[in-house]
Amino acid sequence: MIDISTLNTGLYIGGEWHDARETFTTLNPATGQPLAELAAADASDVDAAVSAATTAFRGDWGALAPSRKGALLNKLADLVERDVEQLAALESLDMGRPVGMSAAMMIPNLIATLRYYAGWADKINGELIANDGYLGGPVPTHAYTRREPLGVVAAIVPWNAPLMILGWKLAPALACGNTVIIKPAEDASLSILRLAELVTEAGFPPGTVNVLPGVGKVAGEALALHPGIKKISFTGSTATGRAILQNSAVNFKRTALELGGKAPQIIFDDANLEAAIQGTAMGLFFNQGEVCAAGTRVIVHRKAYDAVIDGLKGAAQAQVIGDPFDPSTTMGPLVNERQRDRVLEYMKTGAGEGADVITGGSAPEGPGFFVEPTVLAGSNDMTVAREEIFGPVGVVIPFDTDEEAIALANDNQYGLSATVWTSDVTRAHTISAKIEAGAIGVNGWSPLAPQLPWGGVKASGVGRELGYEGILSYTEPKTVTVVL
Ligand code: NAD
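Computed from a predicted model, the values in this text were never measured in an experiment. (Residues numbered from 1 in each chain as written. Predicted model: local features only at pLDDT ≥ 70, side-chain atom pairs only at ≥ 80, totals over all residues. Heavy atoms only, no water.)

Caption draft 1: Representation of helix α6 (residues 162–175) in the model. In a regular helix each residue adds 1.5 Å, so 14 residues correspond to 20 Å; α6 covers 20 Å between its end C-alpha atoms and thus fits that length. Largest kink in α6: about 30°, centred on Trp168, with the proline Pro172 one to four residues after it. Among the 14 residues in α6, 14 count as buried, and that is most of the element. (Helix = DSSP H or I, 4+ residues; strand = E, 2+ residues; numbered from the N terminus. Expected span 1.5 Å × (residues − 1). Bend = angle between axes of the 7 residues up to and from the residue. Buried < 20%, exposed > 50% of the residue type's maximum accessible area, 1.4 Å probe, protein only.)

Written out as structure tokens, the structure is:
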């Protein structure tokens, strides 16, 4: 087990660690016991971080050559790679994911994102634009755009994949020349606090990256309202996203909002059912189901329905629930007691509304915030099929025609991602075009690779992260014209 007694748990502002006026205690979700005492940033700490980040933006970080910025991002990636086991352990300790998955998937995703955007740092170009001159007059005008950084940006991060999701914000923001203030989630700050130590070790100019652990309603709200911050990049719940959008409007801040989901996984009867069941089960149970893209609505052709129900039942019962540090564990605890109780309440609601509990449906005996992987047979109008549960609970819903499958998939407030399982290539493309979502995976999950844009439509959010979209979203085009 990892020793966290030497980890800095204060406020990281201007390259130094500071104590906060208030602190709060986090719990180990696998045991329910106290884990760490963290600084709780307040509005005056936000002021101090904005001031440090502004100084770095106008000073040392802003003045650094683009290739040097890229080199520092690569250096940070090297240090994360060196400490991958430690970062994985900190994150799993905090939020409950099996540590092997953290080390093999989530932290490597951060490394890949840092390296991808390190490559972009010296390749951010404006355009030379042919034009008609003043009011279409005959005066020749040389015109171009400069792609400039925004300034100080804030990254507000959830607890379900702290370092991976932070990377999607931090890496493009820095590559474009911005400075960053990070607000980790209350329940999972440790891996991000360790990353701050690595930022110092990498040699970033002080103030380029700042970390403010704390409570969302206090520190997060102060960030959204602060006039010195040019953009809020937020990943979290739809309700918080709405509050951030309203608060950001006060100062006309840019926002990128990556919010909740209720992803459909459509399984056609021509699909490779073995692969579909295995992939669908992963979409339900990976990360304890605490995934924005979790495929919690399993929409199955009636001819494949019984086989899918049986397969998902077997996959759920094969999950090994337990200590995230035991190598045989495939599902850890949920992040906290509130989340555990919320998921259990949804299970009860589902049964109350007539869903058939195929397997699971309760919490195992003992300490920690565990719940059973649960498969329900139901319909798309049940609460469990309409609302995001954020736990390992799937609802299997039958359909008869392609049109019905599309209608069921789109009949939800969310539109983050979807998965389509079919061996018919025409059907795959036709259905992909008709589903309302930011990302569609055919015969497998969207890989969340740094090159691929990610984000949702409808109540799943506004804006895209990753890929070239990430560069566009952290820069502002400025038009310069010169009358010749
Ligand atoms: P949350 O909205 O409760 O918290 C997210 C972050 O916002 C935390 O850092 C929190 O402290 C902060 N926050 C809370 N209130 C705030 C306020 N008023 N102003 C500013 N910041 C505030 O979400 P969560 O429970 O941590 O995460 C789970 C949610 O995140 C789920 O809905 C999930 O679908 C979503 N999520 C989305 C994606 C995506 O890519 N779309 C990825 C992961 C998680």
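Caption draft 2: Structural detail: the environment of Glu274. Topologically, Glu274 is positioned in helix α10 (residues 273–285). Here Glu274 falls in the exposed class, since its relative accessible area comes to 68%.

Caption draft 3: Just the UniProt feature "active site" (unreviewed entry) in the protein, in detail. Summarizing the sequence annotation, UniProt attributes the feature "active site" (unreviewed entry) to Glu258 in the numbering used throughout. Examined against the element boundaries, Glu258 turns out to sit in strand β10 (residues 254–258). When sequence neighbours within four positions are dropped, the list of residues in contact with Glu258 reads Lys169, Phe234, Thr235, Gly236, Trp454, Gly455, Gly456, Ser460, Gly463, Arg464 and Glu465. (UniProt positions renumbered as here; feature names shortened; annotations may be inferred. Contact = heavy atoms within 4.5 Å.)

Caption draft 4: Region of the structure containing the packing of aromatic side chains. Counted under the stated rule, the structure contains eight aromatic pairs. A ring pair is formed by Tyr12 and Trp17, whose centres lie 5.0 Å apart and whose planes are at 40°; its orientation type is tilted. In this structure Trp17 comes out as partly exposed when scored by relative accessible area, which is 26%. Taking the centre distance of 5.3 Å and the plane angle of 20° together, the rings of Trp120 and Tyr468 count as stacked. Here Tyr468 lies in helix α16 (residues 467–473) and Trp120 lies in helix α5 (residues 99–120), a separation of 348 residues in the sequence. The exposure class assigned to Tyr468 is partly exposed, which follows from its relative accessible area of 40%. The ring of Trp61 carries Lys69 above its face, with NZ or CZ at 5.5 Å from the centroid. When the ring centre of Tyr474 is taken as reference, the NZ or CZ atom of Lys231 above it lies at 3.9 Å. (Phe/Tyr/Trp six-rings, centres within 6.5 Å; stacked < 30°, edge-to-face > 60°. Lys NZ or Arg CZ within 6 Å of the ring centre and 35° of its normal.)

Caption draft 5: Quick peek at the pattern of salt bridges. Under the criterion given, the structure shown has 25 salt bridges. Put simply, Glu91 and Arg97 hold a salt bridge, and the shortest N to O gap is 3.1 Å. In this structure, the salt-bridge partner of Glu186 is Lys183, at a minimum N-O distance of 3.8 Å. We classify Glu186 as partly exposed; its relative accessible area is 29%. Residue classification places Lys183 among the buried positions, given a relative accessible area of 2%. If you follow the salt bridges from partner to partner, you end up with Arg82, Asp83, Arg194, Glu197 and Glu201 in one network. (Salt bridge = Lys/Arg side-chain N within 4 Å of Asp/Glu carboxyl O.)

Caption draft 6: Examining the sheet that holds strand β12 (residues 297–301) more closely. One open sheet holds the seven strands; their spatial order is β13-β14-β15-β12-β11-β17-β18, and the pairing between them is mixed. The open sheet terminates on both sides in strands that have one partner only, identified here as β13 (356–359) and β18 (439–442). The mean inter-strand angle of the sheet, taken between neighbouring strand axes irrespective of direction, is 25°. Note that β13 and strand β14 (residues 374–377) share three bridges and pair antiparallel. What sits directly across from Val357, in β14, is Leu376. On top of the sheet, helix α14 (residues 402–410) reaches β11 (264–267), β12 and β15 (393–399); it is set at about 150° to β15, its chief contact. (Pairing = 2+ DSSP bridges. Axes fitted to C-alpha atoms, helices over the stretch in contact; angles between N-to-C directions.)

Caption draft 7: The nonpolar core, seen in detail. Counting 72 residues, the largest nonpolar core has Val80, Leu166 and Ile182 as its most contacted members. Not counting residues within four places of it along the chain, the set of residues in contact with Val80 comprises Leu87, Ile107, Leu110, Ile111, Leu114, Leu195 and Leu198. By size, the runner-up hydrophobic cluster in this structure holds 27 residues, among which are Ile397, Ala405, Ala409 and Val420. (Core = buried A, V, L, I, M, F, W, Y, C linked by side-chain atoms within 4.5 Å.)

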